[in-house]
Amino acid sequence: MGTLLAITIFLPLVGVLLAGQTRESARLVALTVVLVNCLLSGYLVFSYPGGAPSFAVLEVPWWPRSEATLGVRFAMGLDGLSLWLYGLTSLLMITCVLVSWEAVKENAPAFYRLLMLLYTGMLGVFVARDVLLFYLFFEATLIPLFFLIGIWGHEERRYAAMKFFLFTLAGSVLTFLGLLALVIWNAYASGSGVVTFSIPELTQRLAELRERGQLPLAFQLWVFWALFAGFAVKVPLVPLHTWLPLAHVEAPTAGSVLLAGILLKVGGYGFLRFVLPMVPDATMQVTPWILALSAIGIVYGALTAFAQRDIKRLIAYSSVSHLGFCMLGVFTLNALGLHGGLLQMINHGLATGGLFAVVGMIYERYHTRKIESFGGLARKLPILAFFMFVLTFSSIGLPGLNGFAGEFLVLVGMFQRAWHVGGWEWVFAVAGTLGVVLGAWYMLTLVGRVFFGTLREPLSESVAARDGAAAEQTASSENWHTYSVSAGQHGVRDLSLREVLALAPLVVFIVWIGIQPQFFLSRMTPAVKSVQKPLAAPAATQIADRAALPARSVPPVGDTVSDHLTQISGCDAQLADATFDTGQVTSDHPTDHDD
């Protein structure tokens, strides 16, 4: 299986070589490659044995004695943290190629080659089991997207591309320094002098150093902020989000889909893969501040989204809110929140990636995204409206769809943490709940204004000129965007079969996760447990410090969440052995959470 995993990572590079020099050959090769790779990726994903800590592991030396000299190797594999993100990448690539089929007309071969390069980079980030390999793929995602935005974007594409590149590059350099610091500290604090870049091995060795009191909090804090610099920009957390709305608005449709669906998840994945398990004491100390930033992002993103007049910009700001929600779950540091945060990353990729695809289809037809230019489109475009409704309901967490399962787990995890810790934690929990309400508010308002009411359509400039309404308008004027006519005078058609096929797989998984979340959650559980384990065990130095303190009640460990999940979601699922566990948090209140 490891060899098959490697094939899926590098097969898109074959597409780069075979793309040809014409638009037709390039898009046909790209579609063939992503379909074949999606089938191979799907086989790996659904072959993953439930409860397995890892799967399809492949480890080979970069060169003879590379492991003995530098401690590096070509190592990749899947586990519960990466499994569904890896599968989601291949799924969304089909959507990206299909929505670009007619939209990309200029220099199409270069466009699809860059798309394939980006595909390899995204897959590699999630399967890398070596620090250097992870960073190589991490940086490899920046360059293709930089050119995709800068060449095939809209009016401010160059500024958006440069801002995206500078923000992410600056953060990633600090992240790499933080990872190198961990590698070097492990080599010399252990006394062996042996350097290893293996992520699982490094995690285990750092845990052993922590148990012996050789991983001081001050060092962990410096490393935490270095890693935070890169991963928080990628999420992005407020106030490091300013590059995101512009990048989304100016990117071509495929770029927006991949940015929202996959690349923003690299930040959350980095926190789960590196930050929480490798510097747990620093994580626990800083957690209230990260929860505060997440809560602010949830409310700020929602309120800012409601104020937008551009559909794409509205959805871009909704991503700030939704990703804040994901981070709220991750930094609850308990099993419910961690499961919910990771699941919500998948849910956001499906729903928001699909929403950007729909916005791209609307823009292809009308060449504007201004909300006030539309009305009653459900009468004219019922199939497009159907997909918009499903994706919107998924985004706002309608019960029975995927968004509800993730949001429920995050909120229960956050309220449980607030119950034990108290204080400002209650504010963060309430802010998360408010974010759900605000999300429904701005998304349903958008749908109501664009798809219901009196039919109102903006016309393309050529049609408006034909009807005499824009004959004297200058080329730079956008007044023709609001020129409206009845349905009989406008030649816009509903979704084609190609566009339906681009969106249908997303809807299938949206419903599947909503009805049977256990299938997806159970495969996350072993990895989530390994992430949570160091957060539940105090370091040796902390044990010594606590010995002199008065006894305090500690929340129980071991309450299952299966009954809660069954009662709320209506499925027969259980969260395997997932447990409530708030790690470091304590309370003076008695607790009783027996199911």
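Scroll up for the structure.
The structure reproduced in this document is the subject of the present report.

The rules we used
- Residues numbered from 1 in each chain as written.
- Predicted model: local features only at pLDDT ≥ 70, side-chain atom pairs only at ≥ 80, totals over all residues.
- Heavy atoms only, no water.
- Axes fitted to C-alpha atoms, helices over the stretch in contact; angles between N-to-C directions.
- Helix = DSSP H or I, 4+ residues; strand = E, 2+ residues; numbered from the N terminus.
- Parallel < 35°, antiparallel > 145°, perpendicular 65-115°, else oblique.
- Left-handed = near helix turned anticlockwise from the far one by under 90°.
- Contact = heavy atoms within 4.5 Å.
- Nonpolar A, V, L, I, M, F, W, Y, C, P; charged D, E, K, R; others polar.
- Core = buried A, V, L, I, M, F, W, Y, C linked by side-chain atoms within 4.5 Å.
- Buried < 20%, exposed > 50% of the residue type's maximum accessible area, 1.4 Å probe, protein only.
- 1 Å grid on protein atoms, 1.4 Å probe; cavity = no way out; pocket = protein on both sides within 12 Å on 5 of 7 lines; lining within 4 Å.
- Points joined across faces, edges and corners; volume = space filled by probe spheres on them.

The N-to-C vectors of helix α18 (residues 382–395) and helix α22 (residues 497–515) enclose an angle of 30°; their axes lie 11 Å apart at closest approach. Overall, the two elements α18 and α22 adopt an arrangement that is roughly parallel. Here α18 and α22 pass one another in a crossing that is left-handed. In contact with Ile383, Phe387, Val390, Leu391 and Ser394 of α18, α22 contributes Val500, Leu503, Ala504, Val507 and Ile510. For the contact of α18 with α22, a count of residues per class yields 9 nonpolar, 1 polar and no charged.

Another point: the nonpolar core. Taken as a class, soluble globular proteins show a tendency for nonpolar side chains to be buried jointly. With 199 residues, the main nonpolar core has Leu115, Phe271, Leu276 and Phe451 as its most contacted residues. Ranked by the residues each element gives to this core, the list is headed by helix α16 (residues 335–366), at 15 residues. In this view, Phe271 contacts Phe228, Phe231, Ala232, Val235, Leu276, Pro277, Met327 and Phe331; residues no more than four positions away in its chain are not counted.

Turning our attention to empty space enclosed by the protein. One pass over the full model with this rule turns up 2 cavities of 30 Å³ or more. Computed from the structure, the largest cavity encloses a volume of approximately 80 Å³. In terms of lining, the largest cavity is formed by Ile298, Ser321, His322, Phe325, Ser395, Ile396, Glu407, Gly435, Val436, Gly439 and Ala440. Going through the elements one at a time, α15 (311–330) and α20 (424–451) are the ones with two or more residues in the lining of the largest cavity. Examining the composition of the lining of the largest cavity, we find that 4 residues originate from one element, α20, more than from any other. For the lining of the largest cavity, a count of residues per class yields 5 nonpolar, 5 polar and 1 charged. By volume, the second largest cavity amounts to about 50 Å³. Along its surface, the second largest cavity is lined by His322, Gln344, Asn347, His348, Ala351, Thr352, Ser394, Ser395 and Gly403. Those elements that provide at least two residues to the lining of the second largest cavity are α16 and α18. The element that contributes the greatest number of residues to the lining of the second largest cavity is α16, accounting for 5 residues.

By themselves, these are just geometric observations and shouldn't be taken as functional.
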